[in-house]
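This is what each chain is made of:
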Amino acid sequence: KVRVVVIDGITIGHPCCGIHNCPEPLISNRHRFCYGHNHHDKICAVWCGSLSHHHFVTTVITRPKQT
């Protein structure tokens, strides 16, 4: 028996909320969190606790140049 699956090549699996074990669906497939957890969208995606940079999912870390 052969089954064929067509995917968009971007994601594998079903999209789910970024909060562990949250059963609520995402607002759309482009979102990282469900409606109830959408306020977490402004927090850095690598969970450093900082607010993410405008239009990005991570913070901007500035480091001094090494000479």
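Each value, and the rule that gives it
- Numbers given for residues are sequential positions, taken from 1 along each chain in its written order.
- Per-residue local features of the predicted model are confined to residues with pLDDT of at least 70, and side-chain atom pairs are confined, for both listing and counting, to 80 or more; whole-chain, interface and lining totals are unaffected and use all residues.
- To get the side-chain values, all heavy atoms of the structure are used, and hydrogens and water are removed first.
- Each reported salt bridge corresponds to a side-chain nitrogen of Lys or Arg within 4 Å of a carboxyl oxygen of Asp or Glu.
- For every residue, the accessible area (1.4 Å probe, protein chains only) is compared with the maximum for its type, and the residue is labelled buried under 20%, exposed over 50%, or partly exposed between those bounds.
- The nonpolar core is taken to be a set of buried Ala, Val, Leu, Ile, Met, Phe, Trp, Tyr and Cys residues, with the residues joined through side-chain atoms within 4.5 Å.
- The contact rule is simple, with two residues in contact once any of their heavy atoms fall within 4.5 Å.

**Q** Which residues make up the pattern of salt bridges, and what are the values?
**A** Under the definition given, this model contains 1 salt bridge. In this structure, D41 and R32 form a salt bridge, with 3.3 Å as the shortest nitrogen-oxygen distance. For D41, a relative accessible area of 32% translates into the label partly exposed.

**Q** Tell me about the environment of K42, and please be specific about residues and values.
**A** Take K42: its relative accessible area is 59%, and that puts it in the exposed class. Along the chain, K42 and F56 lie 14 residues apart, while their C-alpha atoms are 9.0 Å from each other.

**Q** Describe in detail the nonpolar core, supporting the description with residues and values.
**A** Listed in full, the 5 residues of the largest apolar core are C17, C22, L26, F33 and C34. Residue contacts for C17: discarding those within four places in its chain leaves C22, E24, L26, R32, F33, C34 and H37.

**Q** I'd like a rundown of the environment of H37, residues and numbers included.
**A** Judged by relative accessible area, H37 falls into the partly exposed class, the value being 23%. Sequence-distant contacts of H37, defined by excluding residues within four places in its chain, comprise C17, I19 and C22.

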